[in-house]
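Coordinates in review
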Amino acid sequence: MNKALLIVVFALFIISGCSNNPKSDDDKSYIYTVTIEDNIYGFTGVQVPKEQIGEKIGIEPIACSVSECKTPPGDVFYKIKGSKSKETVAVVSYDEKVYYRWARIS
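We now turn to the structure provided with this report.

About the criteria used
- Residues numbered from 1 in each chain as written.
- Predicted model: local features only at pLDDT ≥ 70, side-chain atom pairs only at ≥ 80, totals over all residues.
- Heavy atoms only, no water.
- Helix = DSSP H or I, 4+ residues; strand = E, 2+ residues; numbered from the N terminus.
- Buried < 20%, exposed > 50% of the residue type's maximum accessible area, 1.4 Å probe, protein only.
- Areas by Shrake-Rupley, 256 points an atom, 1.4 Å probe, with all protein chains shown as cover.
- Pairing = 2+ DSSP bridges.
- Axes fitted to C-alpha atoms, helices over the stretch in contact; angles between N-to-C directions.
- Phe/Tyr/Trp six-rings, centres within 6.5 Å; stacked < 30°, edge-to-face > 60°.

1. Some details on the overall build of the protein
What the protein contains, in helices and strands, is one helix and seven strands. For the protein, the sequential pattern of α-helices and β-strands runs α-β-β-β-β-β-β-β. The burial tally for the protein puts 27% of its 106 residues in the buried class. By element, 55% of the accessible surface of the protein is carried by carbon and sulfur atoms, the whole surface being about 7,900 Å².

Laid out in structure tokens, this is it:
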């Protein structure tokens, strides 16, 4: 009986160690990333109302993780009013009509 219990416990240990845990939002891979003041942000595609746009951060180069990259949505970044400091930033589209949220990923 003790041997059977030991085998069952060992099997459960092996199975639980090999299971896939669902990834959190922080583990998402982002196609577009940007580094601002040593923080890396990923493009979320979520629109931000113009009323929430704060002061201009500046023009920042955007990196792309795939070789077939389309043009990114913009390169002029802004702070977002009411968001935690350095947790999110916004970029204005090239036609200056839409603002998109970028989330800090590291």
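After presenting the structure, the write-up continues.
2. Focus: the sheet that holds strand β2 (residues 39–48)
Sheet architecture is open: seven strands sit in the order β3-β5-β6-β7-β2-β1-β4, paired in antiparallel fashion. The open sheet has two edge strands with one neighbour each: β3 (53–59) and β4 (62–64). Strand-to-strand twist in this sheet, taken as the mean axis angle between neighbours without regard to direction, amounts to 40 degrees. When β2 meets strand β7 (residues 99–104), the two strands line up antiparallel, connected through five bridges. Across the sheet, Y41 pairs through a bridge with R104, a residue of β7.

3. Digging into the packing of aromatic side chains
On inspection of all chains with the given rule, the structure shows five aromatic pairs. Measuring from ring centre to ring centre gives 5.5 Å for F43 and Y100, while their planes differ by 70 degrees; the resulting arrangement is edge-to-face. With F43 in strand β2 and Y100 in strand β7, this residue pair connects regions lying 57 residues apart in the sequence. Just as F43 is buried, Y100 falls in that class too. Ring pairing ties together the aromatic residues Y32, F43, F77, Y100 and W102, which thus form one cluster.

By themselves these figures say nothing about function.
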